[in-house]
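Descriptive structure summary
Read off the chains here:
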Amino acid sequence: MSSLGARQEALVRALVAGGELPPGFDTEDTAVASAALIRKRGSEVAHHLPMVRHTLGDRYLELFTAWAVGRPKTSSHADAQAFVAHLQDIHELPRRPWYRRLLRQ
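First things first, this report covers the structure right here in the doc. Quick caveat: nothing in here was measured; it's all calculated off a predicted structure.

**Looking at the overall build of the protein**
Scanning the protein from terminus to terminus reveals six helices and zero strands. Mapped from its N terminus to its C terminus, the protein presents α and β elements in the order α-α-α-α-α-α. For the protein, the residues scored as buried account for 27% of the 105 residues in total. Contacts in the protein between residues at least 24 apart in sequence constitute 45% of all its contacts with a sequence separation of at least 6.

In structure tokens:
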């Protein structure tokens, strides 16, 4: 990994997608930065999901962090949809009744 671009790409992967940290970077500093980015991402998703955020209360950030670590961000909207699907899969949120899905079409 000799080019600056490759090192930068590896650093971004380590910060936001659980990739391996390139040589020469402090592990503790990188962990702090990564946690801050996850919190920021969680805040962006909470903006799209105020009722979910309210429903989960203090557990929101814990559940979001567990879901987001190792998953690169695509967009806040896509993250919100995927996070809700995850919450439904792990039975933290009820699934919408099938007839409500038909009404949305």
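**Focus on the nonpolar core**
In this structure, Phe64 and Phe83 are the most contacted members of the largest nonpolar core, which totals 16 residues. Counting residues per element, the ones that place at least two in this core are α2 (27-48), α3 (50-56), α4 (60-68) and α5 (76-89). Counting residues per element, this core draws most heavily on α4, at five residues. Residues in contact with Phe83, not counting those within four places in the same chain, are Val45, Leu49, Leu56, Tyr60, Leu63, Phe64 and Trp67.

**Thoughts on helix α1 (residues 4-16)**
Across its 13 residues, α1 extends 18 Å between first and last C-alpha, which sits within 8% of the 18 Å expected from 1.5 Å per residue. Restricting attention to buried positions, one finds in α1 the residues Ala10, Ala14 and Leu15. Taken down its axis, α1 places every buried residue within 135° of arc, on the same side. Where α1 is buried, its residues contact α2.

**A few points about the pattern of salt bridges**
For the structure shown, the criterion picks out five salt bridges. Notably, a salt bridge pairs Glu44 with Lys40, separated by 3.5 Å at the nearest N-O pair. With a gap of four residues between them, Glu44 and Lys40 both fall in helix α2, about one helical turn apart. Residue class for Glu44 comes out partly exposed when judged on its relative accessible area of 22%. Note that Glu92 and Arg59 form a salt bridge whose closest N and O atoms lie 2.7 Å from each other.

**Remarks on the packing of aromatic side chains**
One pass over the full model with this rule turns up five aromatic pairs. Taking 5.2 Å as the distance between ring centres and 80° as the angle between the ring planes, the aromatic pair formed by Phe64 and Phe83 counts as edge-to-face. Of this pair, Phe64 sits in helix α4 while Phe83 sits in helix α5, and the two are 19 residues apart along the sequence. When sorted by exposure, Phe64 lands in the same class as Phe83, which is buried. Ring centres of Trp67 and Phe83 lie 5.6 Å apart, and the angle between their planes is 50°; this geometry places the pair in the tilted category. Of the two residues, Trp67 sits in helix α4 while Phe83 sits in helix α5, which places them 16 residues apart along the sequence. Phe83 matches Trp67 in its accessibility class, with the two residues each being buried.

How each quantity is defined
Residues numbered from 1 in each chain as written. Predicted model: local features only at pLDDT ≥ 70, side-chain atom pairs only at ≥ 80, totals over all residues. Heavy atoms only, no water. Helix = DSSP H or I, 4+ residues; strand = E, 2+ residues; numbered from the N terminus. Buried < 20%, exposed > 50% of the residue type's maximum accessible area, 1.4 Å probe, protein only. Contact = heavy atoms within 4.5 Å. Core = buried A, V, L, I, M, F, W, Y, C linked by side-chain atoms within 4.5 Å. Expected span 1.5 Å × (residues − 1). Arc of directions from axis to C-beta. Salt bridge = Lys/Arg side-chain N within 4 Å of Asp/Glu carboxyl O. Phe/Tyr/Trp six-rings, centres within 6.5 Å; stacked < 30°, edge-to-face > 60°.

Just geometry here; none of it tells us what the structure is for.
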